[in-house]
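The primary structure of each chain is shown beneath.
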Amino acid sequence: METHSDTYKTLSKPSDEILFKEKKSKFYGYAFPIQSEDDVKPLLEEIKKRYHTAGHVCYAWQLGIENPNYRANDDGEPNNSAGMPIYGQIQSFEVTNVLVAVARIYGGTKLGVGGLISAYKTGAQMALENAKIIEKIIQVQFALFFEYADMDKVMRIIKQEQLSIVSQKMELDCKIVISVRKDDEEKIHSIFSDMHTIKIKPVS
């Protein structure tokens, strides 16, 4: 069976809210798919609005596939007692392009740093267990430039190799942007490069 190195795991949609209780403190956990850092703030504000009595909304996010970025935030809890345990669960579930947030409503009994680490970790774990995790393929895009006379040749390869067309401009000079799974990038590039009447360029 072929093994592919060009896949990653993420969430298909936001998880339902989970509730974890520890010594009367309530921990509400959420997991969201995100596309950029700009998605984070509105989602956190939504949670803060929902739980205006929450003393802390701690979170961690990770974005990117080959060299991911991440951030972990304790939101006023003791250093590394909340954000990093949440981030640890993102790593444990091997997901990316994801935000996990846990809102805490204080129940009157201090949990201590160890108790907080355990509670935030559990809240994050339950949120991710409750989310639908999917596998996606890393795609790269190429632009093909050719004359109309070569249209059949190009289309035949696209069909044979089961490539997706992202956009196309069909005139005397044609341009098609195709999407290719990363593992097949070199193979597809060399197929089109060998056809001297067709120019192929990566789309950044």
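Before reading further, recall that the structure is shown in the block above.
The paragraphs below set out a description of the structure included in this document.

Rules used in this analysis
- Residues numbered from 1 in each chain as written.
- Predicted model: local features only at pLDDT ≥ 70, side-chain atom pairs only at ≥ 80, totals over all residues.
- Heavy atoms only, no water.
- Salt bridge = Lys/Arg side-chain N within 4 Å of Asp/Glu carboxyl O.
- Helix = DSSP H or I, 4+ residues; strand = E, 2+ residues; numbered from the N terminus.
- Buried < 20%, exposed > 50% of the residue type's maximum accessible area, 1.4 Å probe, protein only.
- Phe/Tyr/Trp six-rings, centres within 6.5 Å; stacked < 30°, edge-to-face > 60°.
- Axes fitted to C-alpha atoms, helices over the stretch in contact; angles between N-to-C directions.
- Left-handed = near helix turned anticlockwise from the far one by under 90°.
- Contact = heavy atoms within 4.5 Å.
- Nonpolar A, V, L, I, M, F, W, Y, C, P; charged D, E, K, R; others polar.
- Pairing = 2+ DSSP bridges.

### Overview of the pattern of salt bridges
All chains considered together, the criterion is met by nine salt bridges. Two residues, K9 and E94, come together in a salt bridge whose shortest N-O distance is 3.6 Å. With a gap of 85 residues between them, K9 in strand β1 (residues 7–11) and E94 in the loop between α2 (83–92) and β6 (98–105) connect regions that are remote in the sequence. Overall, K9 belongs to the partly exposed group, its relative accessible area being 29%. Taking relative accessible area as the criterion, E94 reaches 55% and is therefore assigned exposed. For the salt bridge of R71 with E37, the shortest nitrogen-to-oxygen distance reads 3.0 Å. One end of the pair, R71, is in strand β5 (residues 69–73); the other, E37, is in the loop between β3 (25–33) and α1 (40–50), and 34 residues separate them in sequence. The class for R71 is partly exposed, based on a relative accessible area of 42%.

### Thoughts on the packing of aromatic side chains
Counted according to the given criterion, the structure contains five aromatic pairs. On the basis of an interplanar angle of 45 degrees and a centroid distance of 6.2 Å, the ring pair of F20 and F27 is categorised as tilted. Its relative accessible area of 16% is what places F20 among the buried residues. A residue is classified by how much of its surface remains accessible, and F27, at 0% relative accessible area, is buried. Arranged with centres 4.0 Å apart and planes meeting at 10 degrees, the rings of Y70 and Y87 form a pair that is stacked. Within this pair, whereas Y70 is found in strand β5, its partner Y87 is found in helix α2, the two being separated by 17 residues in sequence. Judged by relative accessible area, which is 43%, Y70 ranks as partly exposed. Aromatic ring contacts, followed pair by pair, group F20, F27 and Y120 into a single cluster.

### Re the packing of α2 against helix α3 (residues 112–129)
For any two helices packed against each other, the geometry is given by the interaxial angle and the distance between the axes. Two elements in contact, α2 and α3, have axes separated by 8 Å at closest approach and are oriented at 35 degrees. Both α2 and α3 take part in a crossing whose hand is right-handed. Of the residues in α3, those touching α2 at P85, I86, Q89 and I90 are I117, Y120, K121, A124, Q125 and L128. Here the residues of the contact of α2 with α3 are counted per class, giving seven nonpolar, two polar and one charged.

### Comments concerning the environment of T53
Tracing the chain through its elements places T53 in the loop between α1 and β4 (56–63). With a relative accessible area of 54%, T53 lands in the exposed category. When the C-alpha positions of T53 and A103 are compared, they lie 9.6 Å apart, and in sequence the two are 50 residues distant.

### Quick look at the sheet that holds strand β2 (residues 18–22)
Spatial ordering of the open sheet is given by β2-β3-β6-β4-β5, a layout of five strands whose pairing is antiparallel. In this open sheet, the two strands that pair with only one neighbour each are β2 and β5. Averaged over all pairs of adjacent strands, the angle between strand axes in this sheet comes to 15 degrees, irrespective of strand direction. Looking at chain direction, β4 and β6 are connected through seven bridges and run antiparallel. For C58, the partnering residue across the bridge sits in β6 and is V102.

### Structural notes on the sheet that holds strand β8 (residues 139–147)
Across the sheet, four strands lie side by side as β9-β10-β8-β11; this open sheet has antiparallel pairing. Two strands lie at the open edges of the sheet, namely β9 (164–169) and β11 (199–203), each paired on one side alone. Averaged over all neighbouring strand pairs, the angle between strand axes comes to 20 degrees, with direction disregarded. Across nine bridges, β8 lies against strand β10 (residues 173–181) in antiparallel orientation. Looking at the pairing, A143 lines up with V177 of β10. Of the strands in this sheet, β8, β10 and β11 touch helix α5 (residues 185–193), which is tilted by about 155 degrees from β10.

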